[in-house]
Every structure is written in C-alpha cells, then in structure tokens.
Amino acid sequence: SGKTLIMAGLILYLYEKGYRHFLFFVNSTNIIEKTKDNFLNPLSSKFLFKENIRFGTRRVNVTPVVNFEGANNDDINICFTTVQKLHSDLTTEKEDAITYEDFKDKKIVLLADEAHHIITLTKRQLTLNESLEVQSWENTVERIFKQNEDNLLLEFTATLDYSHKNIVEKYRSKVIYRYDLCQFRNDGYSKDIYIVQADFEEKDR
C-alpha cells in the first residue's frame, strides 16, 4: 500500500534535516531482500530513487552498511536487518555487529517495517516464553530509540488492528497517516486473489 515509497521519501526528507544513518528492520529476510532491491538497485523495475540523487550540486549515494562506525557522513547510510538479528547482535558481542554504542553519538532513524509484529505483546496474552522473546524485541527497539534524544522511530504496517483496545490506546496520538490494506483494496489498487483447489495430478493442473 505504498509503505516503501513513503519510506524512500522520508529518507530524502530527513537527509535534508541532517539525518545520515537509517536502520531498517523487519521480521522477514525476504522483505529485506526486496527492500534492498527497491533502495539500492537502479536496474530494478521497483527502484525508488533517481539513479543520481542530488542535493543542490552535491551527489549523494545510498550506501548499505553493517554498522554506522566509519560510515560516510555525506551518504545515506542504511543498515538492513531483521528484528531478531538486531536483538541477537545487541545482546551477544560479535565482530562488526551493530552495538548500542553505535547509537549514542549519532542521530539514527529507525524504520520498523511490518511493525505489527513487534507489538504482539500489546495485543494479546502470550506464554511466558513468547512474552520474554517479544518483550526483548520491544525492549531492544525502545532502548535503541532512547540512546539519543534526536533519534526517530517510524513504524510502518498496512495491517494495524484498530479494533483492539490496547493498540488503539498505544497509537492514538502517534498515527501520522492511515491508509491501510483494507482501504488500499477498496480503492482498487490491489489484485483480487482467488485460491482454487483441485485434486488433479500436477501435469493436469
């Protein structure tokens, strides 16, 4: 429903506001690969930037990074990761992995895609193990966000459950723009999917 396009626009807008470091995280490696293609591959049919991004006379590169140490402050630096890997990297020391220290002296924009996966604890009662796992993801994101008072946390989802009291309460004052998957479909922008089952052999199907 246009989430990635909005992210690309926000990246350029926030670059002009002085932000250089963007942390994109989601719950699925498949989505990461698609988003990388959209942000980094000029040959992709879904590439979202101009091949040459210019601010005034200066050309700006969109650069994938593993962490923000040594990142070029003239570039748009994007670290792509899953929320699971992000949590693991921050709680287990690894070479070249991102650390909490990366966030202390830099302004970071956190781009949380499919953010409804991160707020599972808000929505329902979990088992103790589930609760500990989900809580740790939420705590990790919250802790990164609070490392620097200039950090921004932008959450994106097309399937936020507005019928759930806890979620409505959490996001009552935080929703900037609402155009969810239901509205997207009702406006005629999505395909209609029909699932058909058959008992035929594979060749006949």
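Read on for an overview of the structure. Chains are numbered independently. Their residues run from 1 in the order of the written sequence. Under the rules for a predicted model, residues below a pLDDT of 70 receive no local features and side-chain atom pairs below 80 are neither given nor counted, while totals for whole chains, interfaces and linings still include all residues. No hydrogens and no water enter the side-chain calculation; it runs on all heavy atoms of the structure.

## Looking at helix H3 (residues 83-91)
Then, in step 1: Restricting attention to buried positions, one finds in H3 the residues Val83, Leu86, His87, Asp89 and Leu90. For H3, the angular spread of buried residues about the axis comes to 165°, placing them on one side. Burial classes follow relative accessibility: with a 1.4 Å probe on protein chains only, a residue under 20% of its type's maximum area counts as buried, one over 50% as exposed, and anything between as partly exposed. Secondary structure counts use DSSP, requiring at least four H or I residues in a row for a helix and at least two E residues in a row for a strand, with both numbered from the N terminus. In this description, one arc is meant: the one made by directions from the helix axis to the C-beta atoms.

## Let's talk about the nonpolar core
Then, in step 1: Throughout this description, the term nonpolar core refers to a set of buried Ala, Val, Leu, Ile, Met, Phe, Trp, Tyr and Cys residues connected via side-chain atoms within 4.5 Å. Within the largest apolar cluster, 24 residues are counted, with the highest numbers of intra-cluster contacts made by Phe22 and Ile78.
Then, in step 2: Those elements that provide at least two residues to this core are helix H1 (3-16), strand S1 (21-26), helix H2 (29-40), strand S2 (53-55), strand S5 (76-82), strand S6 (108-113) and strand S7 (152-156).
Then, in step 3: In this analysis, two residues are considered to be in contact whenever any of their non-hydrogen atoms come within 4.5 Å of each other. Look past the residues within four positions of Ile78 in its chain and what remains in contact with it is Ile11, Phe22, Phe24, Phe39, Val62, Thr63, Pro64 and Val65.
Then, in step 4: Judged by nonpolar contacts, the second largest core, of 20 residues, contains Ala71, Cys79, Leu90 and Val141.

## Details of the sheet that holds S6
Then, in step 1: With parallel pairing, five strands are arranged side by side in an open sheet as S4-S5-S1-S6-S7. Every interior strand has two partners, whereas the edge strands, strand S4 (62-64) and S7, have only one. Between one strand axis and the next, the sheet turns through 25° on average, direction left out of account.
Then, in step 2: At least two bridges found by DSSP between two strands are what make those strands a pair. Pairing geometry for S1 and S6, over five bridges, is parallel. From the neighbouring strand, Phe24 faces S6, where its bridge partner is Leu111.
Then, in step 3: Taken strand by strand, H2 contacts S1, S4, S5 and S6, and its axis lies near 165° from that of S5. Axis definition: a line fitted to C-alpha atoms, over the contacting stretch in the case of helices. Angles run 0 to 180 degrees between N-to-C directions.

## Some points on the packing of aromatic side chains
Then, in step 1: We call Phe, Tyr and Trp rings a pair once their centres come within 6.5 Å, taking the six-membered ring for Trp, and we label the pair stacked below 30 degrees between planes, edge-to-face above 60, and tilted otherwise. On inspection of all chains with the given rule, the structure shows eight aromatic pairs.
Then, in step 2: Residues Phe47 and Phe49 carry aromatic rings whose centres are separated by 6.3 Å and whose planes lie at 75° to one another, so their mutual orientation is edge-to-face. Grouping residues by exposure puts Phe47 and Phe49 together as buried.
Then, in step 3: Ring plane angle 85° and centroid distance 6.3 Å describe the contact between Tyr179 and Phe184, whose orientation is recorded as edge-to-face.
Then, in step 4: For Tyr179, a relative accessible area of 25% corresponds to the partly exposed category.
Then, in step 5: Accessibility expressed as a relative area gives 18% for Phe184, which makes it buried.
Then, in step 6: Ring pairing ties together the aromatic residues Phe24, Phe39, Phe47, Phe49 and Phe80, which thus form one cluster.
Then, in step 7: Charge over a ring is defined by NZ of Lys or CZ of Arg lying within 6 Å of the ring centre and within 35 degrees of the ring normal. A cation over an aromatic ring shows up here: Lys107 above the ring of Tyr19, its NZ or CZ 4.4 Å from the ring centre.
Then, in step 8: Geometry around Tyr100 places Arg143 over its ring, the cationic atom sitting 3.7 Å from the centre.

## What to know about the packing of H1 against H2
Then, in step 1: The contact between H1 and H2 brings their axes to 11 Å, and the two run at 50°. Put simply, H1 runs oblique to H2. Crossing handedness for the pair H1 and H2: right-handed. Residues Thr4, Met7, Ala8 and Ile11 of H1 form the contact with H2, whose participating residues are Thr35, Asn38 and Phe39.
Then, in step 2: Class assignment of the residues belonging to the contact of H1 with H2 gives a composition of four nonpolar, three polar and no charged. Orientation categories follow fixed angle ranges, with anything under 35 degrees roughly parallel, anything over 145 roughly antiparallel, 65 to 115 roughly perpendicular, and all other angles oblique. We call a crossing left-handed when the near helix sits turned anticlockwise from the far one by less than a right angle, and right-handed when that turn is clockwise. Throughout this entry, Asp, Glu, Lys and Arg are counted as charged residues, while Ala, Val, Leu, Ile, Met, Phe, Trp, Tyr, Cys and Pro are counted as nonpolar. The remaining residues, Gly among them, count as polar.

## Quick notes on a nonpolar patch on the surface
Then, in step 1: To count toward a patch, a residue needs a relative accessible area above 30% and no salt bridge. Like charges then connect within 9 Å, nonpolar side chains (Val, Leu, Ile, Met, Phe, Trp, Tyr) within 5 Å. Shrake-Rupley sampling with a 1.4 Å probe provides the accessible areas, and residues are treated as covered by the protein chains on show and by no other component. The salt bridge definition used is simple: a Lys or Arg side-chain nitrogen within 4 Å of an Asp or Glu carboxyl oxygen. Together, Ile6, Ile176 and Tyr177 line one region of the surface with nonpolar side chains, adding up to about 400 Å² of accessible area.
Then, in step 2: Its location among the elements puts Ile6 in helix H1.

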